[in-house]
Number of protein chains: 2
Amino acid sequence: MTRPGGRSARVREAVLAATYAELVEHGYLGLTVENVATRAGVHKTTVYRRWATIDVLIADALDQARGTDWPVPDTGTLEGDLIAIADEVVQAFTDPAQRAVPEAIVTAALHSERAREAKRDFYTARHTQAAEVVTRAIARGEVPEDTDPVELVRLTCAPLYYRIFITGEPLDHDTARRSARAALAAARAGAV
Amino acid sequence: MTRPGGRSARVREAVLAATYAELVEHGYLGLTVENVATRAGVHKTTVYRRWATIDVLIADALDQARGTDWPVPDTGTLEGDLIAIADEVVQAFTDPAQRAVPEAIVTAALHSERAREAKRDFYTARHTQAAEVVTRAIARGEVPEDTDPVELVRLTCAPLYYRIFITGEPLDHDTARRSARAALAAARAGAV
């Protein structure tokens, strides 16, 4: 009798959990297939067979994250929803455990096609989910009908990621609110 | 008799030029102090003495870029100037030679304090220069007096960097124009 998922799914679970933990402790440059195998309690050839490189490990960890539930905010107003989305980004990147994988994937994607695809698929999925708050707001008449829902989500998040990866400036709730409000103002003016 | 700059400056010039070339060819993960020394025609101990790690090399290359002239656009309108700034980002990241250092610094900054500081200083300098287009526009009455000039520059560039490093979506002149116009609309609405 095989349990749902079976051994293969349990190995993936253990290996990806170990990948997260190693990334949190050592970062991208300190990640090795050997250490992941040791931490996961599996033989390193088992890891190599399925995840040939650390970029594949990171990409698979992001694929797994993409599949987890992400609650789309529903505060009743578009402003509230966009601020909630922005706050979620701020919280994720101020938690070392949560930010480990997105930080690593940015590096991995610069030189691995597999990682680049995982990153693109992850953000496409999240944007599509989050865009629901804009679609609802269009129905309520809060922003013009021809507003591009995904572009409004991008504009809300972009200034936060710009601070995280580019300028290195600190993030807080005020930064989140400011980003969301600027994006919303652009949308109301018909520029999104 | 010593020439201006002297041997030390010539070595730095050769080593940083070699760093650029190596980054363009091999990327961050393929960069080694040895290969930089060979390409620059200097002994590797000379490089190690002054630039202990590849992160220090990359940080110094960015410091050098910060010191080069960057022509602030002056098209006569804020919209034209912001589009010109956005276009410059698009051009830089579609040219493999130009994008090599900013791409590498993002990775280097994730685990090197020296690289993090170089990145922060570079973008602070560029933002301060670019903010001049907003200061002029405030004087012309194009945007409210309390518009934050640096924040408007950030909002113009952020959606482009978001595509480059996060979603991996393509960039072109339309993306640049769209980013600039959304940022400007937010500013006109008093949200920047």
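Please read all numbers here as calculations on a predicted model, not as lab measurements. (Residues numbered from 1 in each chain as written. Chains lettered and ligands numbered in written order. Predicted model: local features only at pLDDT ≥ 70, side-chain atom pairs only at ≥ 80, totals over all residues. Heavy atoms only, no water.)

This part is about the packing of aromatic side chains. Taken as a whole and assessed by the stated rule, the structure comprises twelve aromatic pairs over all chains. Aromatic side chains Phe 93 of chain B and Tyr 161 of chain B sit 5.3 Å apart centroid to centroid with 80° between the ring planes, which places their arrangement in the edge-to-face category. Of this pair, Phe 93 of chain B sits in helix α5 (residues 78-94) while Tyr 161 of chain B is found in helix α9 (residues 149-167), placing the two residues 68 residues apart along the sequence. Note on Phe 93 of chain B: relative accessible area 6%, which makes it buried. In this structure Tyr 161 of chain B comes out as buried when scored by relative accessible area, which is 8%. Through pairs of rings, three or more aromatic residues link up here, namely Phe 93, Phe 122, Tyr 123, Tyr 161 and Phe 165 of chain A together with Tyr 162 of chain B. (Phe/Tyr/Trp six-rings, centres within 6.5 Å; stacked < 30°, edge-to-face > 60°. Helix = DSSP H or I, 4+ residues; strand = E, 2+ residues; numbered from the N terminus. Buried < 20%, exposed > 50% of the residue type's maximum accessible area, 1.4 Å probe, protein only.)

The UniProt record annotates "DNA-binding region" (unreviewed entry) at residues 32-51 of chain A. What you have in residues 32-51 of chain A is 75% helix and 0% strand, and the ends, taken at the C-alpha atoms, are 11 Å apart. (UniProt positions renumbered as here; feature names shortened; annotations may be inferred.)

In this section: the environment of Leu 155 of chain A. Looking at the element boundaries, Leu 155 of chain A is found in helix α9 (residues 149-167). Between the C-alpha atoms of Leu 155 of chain A and Ser 179 of chain A, which are 24 residues apart in sequence, the distance is 7.7 Å. Setting aside chain neighbours within four positions, we find Leu 155 of chain A in contact with Ser 179, Ala 183 and Val 192 of chain A together with Pro 159 and Ala 182 of chain B. (Contact = heavy atoms within 4.5 Å.)

Moving on: the side chain of Thr 156 of chain B. Residues and elements named next belong to chain B. In this structure, Thr 156 sits in helix α9. Residue class for Thr 156 comes out buried when judged on its relative accessible area of 0%. If we skip the residues at most four places from it in the chain, Thr 156 touches Leu 82, Ala 86, Ser 179, Ala 180 and Ala 183.

Our focus in this paragraph is the relation of the copies chain A and chain B. Mapping chain A onto chain B calls for a screw motion: a turn of 180° about the axis and a shift of 0.0 Å along it, with 0.0 Å RMSD after fitting. The superposition operator between the copies reduces to a two-fold rotation axis. Among all residues of chain A, the one whose C-alpha sits closest to the rotation axis is Ala 186 of chain A, at a distance of 2.3 Å. (Least-squares fit on C-alpha atoms with pLDDT ≥ 70 in both.)

So, on to the interface of chain A and chain B. At the interface, 35 residues of chain A touch 35 residues of chain B. Both faces considered, chain A and chain B share a buried interface measuring about 3100 Å² in area, 65% of it formed by carbon and sulfur atoms. Remark: the boundary between chain A and chain B carries six salt bridges. The partner of Glu 151 of chain A in a salt bridge is Arg 163 of chain B, with the nearest N and O atoms 3.0 Å apart. For the pair chain A and chain B, the number of links is 13 residue pairs in polar contact (both at pLDDT 80 or more). The set of elements that each furnish at least two residues to the side of chain A that touches chain B consists of α6 (96-109), α7 (113-130), α9 and α10 (173-188) of chain A. Among the elements that line the side of chain A that touches chain B, the one with the most residues is α9 of chain A, at 13 residues. Tallied by class, residues from the side of chain A that touches chain B come to 20 nonpolar, five polar and ten charged. (Buried area = accessible area lost by both parts, 1.4 Å probe. Salt bridge = Lys/Arg side-chain N within 4 Å of Asp/Glu carboxyl O. Polar contact = N/O pair within 3.5 Å; in protein donor to acceptor, adjacent residues only side chain to side chain. Nonpolar A, V, L, I, M, F, W, Y, C, P; charged D, E, K, R; others polar.)

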